[in-house]
Every structure is written in structure tokens, then in C-alpha cells.
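This is what each chain is made of:
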Amino acid sequence: MTLGAVSLRQIHKAYGSYKALDGISLDIAAGEFLTLLGPSGSGKTTLLNVIAGFERPDGGSLLVDNAEFITKPPHKRNLGMVFQSYALFPHMDVFANVAYPLKLRKVDAATTKLKVTKALETVHMAHLAGRRINELSGGQRQRVALARAIVFEPKLLLMDEPLSALDKNLREHMQIELKRLHRSLGMTTVYVTHDQQEALTMSDRIAVLDRGRIMQLDTPRNIYDAPNCKFVAGFMGDTRFLSVVRSGSDFALNGKRVRLSNPAKPKAGEDAWLMVRPERLRWHGAPEQDNCIEGRVVDVIYQGDSHMISIALPENDEISIRHTGAEGVALPASGDSLKLWMTPQSSVIVGGPRQ
Ligand code: ADP
Ligand code: MG
């Protein structure tokens with residue numbers, strides 16, 4: 001019984017002189033939900049296509065359950081795939097679409113009926129088995145695509161931005177459904193998205209990509225709370241950066257040492273930055289003396305569940321805090337001076353370029 005453990009070593013892929021994948025090494029455990037997260041053009045689809053066999057890398061190795069995969073043609077890899085565009089057959093009904101992979105595998109009619117029905121039940125589409133694809137909504141089509149990908153019980157499921165064509169509510173609903181489906185079926189899943197919230201919601205681990213490299217590979221919590229560089233910190237959440245000055249092993253903000261409870265991340269010679277996120281800043285109760293920032297309120301914007309308060313700092317920086325009302329304190333007004341601070345536990349210093 002194979003389990004779907006994936007091992008990538010030093011995968012390179014260039015288009016002309018552009019390195020789309022620049023030495024990717026990654027181990028994905030059997031049954032894991034791993035997300036490739038990164039901005040457009042960072043190499044996510046290229047990496048997924050290398051695993052699927054649609055792209056041949058220039059170098060490196062790819063093992064699935066210790067078997068070399070690079071020389072294996074796509075149809076022999078036995079992978080389930082779901083794309084952003086559903087890639088369904090519009091002239092066939094739902095049942096025939098889902099049955100297609102079984103037809104290719106010459107599965108008999110009785111077994112096909114059983115397996116298609118089970119796959120359609122899994123995605124809550126059994127009642128629409130006789131519908132044509134062009135009579136379905138976007139969310140229903142994506143469910144059919146998913147049923148087609150899992151009907152032959154692949155050990156590895158690859159998904160490339162499968163929810164990005166859906167509207168926000170349906171997308172969030174499908175995220176939870178996909179996560180439950182993964183939990184119940186247990187196949188190894190490699191999921192591609194450029195949406196950080198989606199990655200945080202769904203994944204066991206996230207690999208953050210930038211220009212064909214893995215910048216950080218970690219749990220959602222560590223990717224968000226303990227980014228290892230300015231790129232990852234900036235890609236996650238509503239993040240601003242304040243320049244800090246290195247002196248020996250310490251860092252100073254406006255001439256005062258920043259107190260940290262975690263090691264600072266910048267490498268030697270790198271510019272250093274204090275990561276500032278709205279939910280990490282404190283601004284009421286007894287102020288701390290450490291890690292303080294003083295500023296002036298420039299905007300208070302109502303956002304339904306909260307107010308976003310924009311604060312101008314000396315040096316032209318701007319940061320924001322979120323006021324949910326649960327704080328039990330009055331909303332500040334434009335023009336007010338405000339003293340903000342961050343606890344050592346929530347203060348993170350990362351390295352990276354100015355831009
Ligand atoms: P992502 O999925 O993260 O948006 P891709 O993997 O599609 O990124 O692309 C990574 C980079 O490789 C991009 O700069 C893209 O333009 C380039 N690229 C992808 N496929 C090709 C191709 N077939 N020919 C030339 N360049 C390509
Ligand atoms: Mg892509």
C-alpha cells in the first residue's frame with residue numbers, strides 16, 4: 001500500500017534565463033495538507049506541474065513513496081488534479097464527468113456506478129448526477145471537478161487555486177469543506193493559492209515561495225507569528241515595518257532598545273525591521289515602558305465589525321490598529337496623540353531590503 005509521501009530535491013526549472021524554480025527541496029509527509037503560497041509568478045504552478053509530470057525539471061529529483069517520478073509520464077503517476085478552471089466536459093452530464101477517470105482505467109460498469117456515487121456523495125452532489133455541466137453554478141462545478149479527482153482514490157491530490165473563481169462566501173465555505181474532506185479521506189494534498197488567509201485556514205504546513213525559492217516552510221502559526229524574513233512577514237496579514245538600528249546583538253527603535261522574547265532574524269549585514277500588525281499593538285491600559293511607539297491619529301474608518309485607526313508616526317511612517325469595541329475604551333479621534341506599545345512576546349524583528 002502506497003501512502004503518497006513526496007520528496008523533492010534541488011528542483012530547478014528555467015524558462016530562457018528566468019529561473020522559475022531555483023533549487024526547491026521539500027519533503028511532504030503521507031497524508032499531509034501542504035500549501036504552496038506565494039505571489040503571482042513565484043513558481044507555484046510550475047512546481048505543481050513538475051509533481052504532476054506536465055513539466056520536466058532541468059535538474060533535481062522527485063520521489064513519491066521512494067519511487068523516482070521524473071521519468072514517469074503524467075498518466076502513470078495516478079494523481080488527482082483540480083484546477084482553477086474546472087476543465088470539465090461541458091457536453092457530458094455530472095455522472096459521466098466523474099466516471100471519466102474510471103473509464104480510462106477500464107473499470108467495469110458496476111464498480112464505476114458505486115465509486116462515482118460515493119465520490120458524488122462526498123462532495124454533496126449525488127442528487128445532481130444527471131445534470132449537464134452548463135446547468136451548474138461555479139461552486140457546483142468545482143465540486144464535480146473535485147469528485148472527478150478523488151473518484152479513483154489517488155494517493156496524492158494536487159490543487160491549483162481551485163477556489164479562486166468563486167465569490168468570497170462560497171470560497172470560505174468550500175475551504176472548510178475541503179479541509180473536512182481531506183481529514184476524512186486522508187490523501188496527501190498539495191494545494192496552491194496566493195491567498196494567505198486560505199493557506200492559514202487549510203494547511204498542516206505552508207511553503208512560502210518567492211521567485212522560485214522556498215522562503216519559509218512551517219506551520220500556519222509559525223508562518224504568521226514567527227516569520228523568518230521581511231518577505232514572509234509582509235506577505236502575511238496587514239504588516240508594516242519600522243526601521244530598527246542594530247548595535248551588537250541588540251536592536252533599537254527611536255534610540256531605545258527593543259525588548260524581544262524571541263531571537264531576532266536578520267542576518268549579518270541585512271537591514272533590520274520591527275514587524276507591526278494591527279492586532280499586536282496595544283494602546284490602552286497601563287502603558288509599558290518598552291517597545292513604545294508614539295503617533296497621531298489621522299483616520300478612523302468604520303469597517304462593520306471594527307474600526308481601523310490609522311496612525312502617523314514621525315519619519316513619515318504610518319501604522320494602523322483595530323478597535324473592536326471589546327476593549328471597553330472610547331474610540332480615539334483624528335488628531336489625538338496616542339501611545340502604543342508591543343509586548344516582547346509579540347515583537348518580531350526580521351531582516352530584508354527596504355523595498
Ligand atoms: P505562479 O503559479 O506562482 O503564479 P508560475 O509557476 O505560473 O507562477 O510561473 C512562474 C514564472 O515562470 C513566471 O514568471 C512565469 O511567467 C514563468 N513561466 C511559467 N510558465 C512558463 C512558460 N511555459 N514559458 C515561459 N515562462 C513561463
Ligand atoms: Mg499559478
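Residues numbered from 1 in each chain as written. Chains lettered and ligands numbered in written order. Predicted model: local features only at pLDDT ≥ 70, side-chain atom pairs only at ≥ 80, totals over all residues. Heavy atoms only, no water.

Once that is clear, we can look at the domain arrangement of the protein. By domain assignment, the protein separates into domain 1 (6-225) and domain 2 (230-351). Domain 1 and domain 2 are separated by 38 Å when their C-alpha centres are compared. With 14 residues of domain 1 in contact, the opposing surface of domain 2 contributes ten residues. Across the domain 1 to domain 2 interface the summed buried area is about 1000 Å²; carbon plus sulfur atoms make up 67%. For domain 1, the biggest contributors to the area lost against domain 2 are Gln-196, Tyr-224 and Asp-225; these three give 49% of the whole. Counting every contact that joins domain 1 to domain 2 gives one salt bridge. Asp-225 is paired through a salt bridge with Arg-280; the nearest N and O atoms lie 3.1 Å apart. If you look at where domain 1 meets domain 2, you find four residue pairs in polar contact (both at pLDDT 80 or more). Breaking the side of domain 1 that touches domain 2 down by element, the ones donating at least two residues are helix H6 (196-202), strand E9 (205-210), strand E10 (213-218) and helix H7 (220-225). Looking at the side of domain 1 that touches domain 2, its residues break down into eight nonpolar, four polar and two charged. (Domains from an automatic or database assignment. Contact = heavy atoms within 4.5 Å. Buried area = accessible area lost by both parts, 1.4 Å probe. Salt bridge = Lys/Arg side-chain N within 4 Å of Asp/Glu carboxyl O. Polar contact = N/O pair within 3.5 Å; in protein donor to acceptor, adjacent residues only side chain to side chain. Helix = DSSP H or I, 4+ residues; strand = E, 2+ residues; numbered from the N terminus. Nonpolar A, V, L, I, M, F, W, Y, C, P; charged D, E, K, R; others polar.)

So, on to the site of ligand 1. All residues in the neighbourhood of ligand 1 are listed as Tyr-15, Tyr-18, Ala-20, Pro-39, Ser-40, Gly-41, Ser-42, Gly-43, Lys-44, Thr-45 and Thr-46. Side-chain polar atom of Thr-45 to an oxygen atom of ligand 1: 2.8 Å apart, as the coordinates give it. In isolation ligand 1 exposes 560 Å². Once the protein is present, 59% of that is buried. Taken together, the elements giving at least two residues each to the shell around ligand 1 come down to strand E2 (18-28) and helix H1 (44-52). Counted by class, the shell around ligand 1 contains four nonpolar, six polar and one charged residues. (Near = heavy atom within 4 Å. Areas by Shrake-Rupley, 256 points an atom, 1.4 Å probe, with all protein chains shown as cover.)

Most of strand E8 (residues 188-193) is tucked away, with six of its six residues classed as buried. Burial along E8 is two-sided: the face carrying Thr-188, Val-190 and Val-192 and the face carrying Thr-189, Tyr-191 and Thr-193 are both buried. Here strand E3 (residues 33-37) pairs with E8 via five bridges, running parallel. Of the residues in E8, the one forming a bridge with Leu-36 is Val-192. Strand direction decides the pairing type here: strand E7 (residues 156-160) and E8, joined by five bridges, are parallel. Across the sheet, residue Leu-156 finds its bridge partner in E8, namely Thr-188. For the segment spanning E7, helix H5 (residues 168-185) and E8, crossover handedness is right-handed. (Buried < 20%, exposed > 50% of the residue type's maximum accessible area, 1.4 Å probe, protein only. Pairing = 2+ DSSP bridges. Right-handed = clockwise from strand over helix to strand, strands pointing away.)

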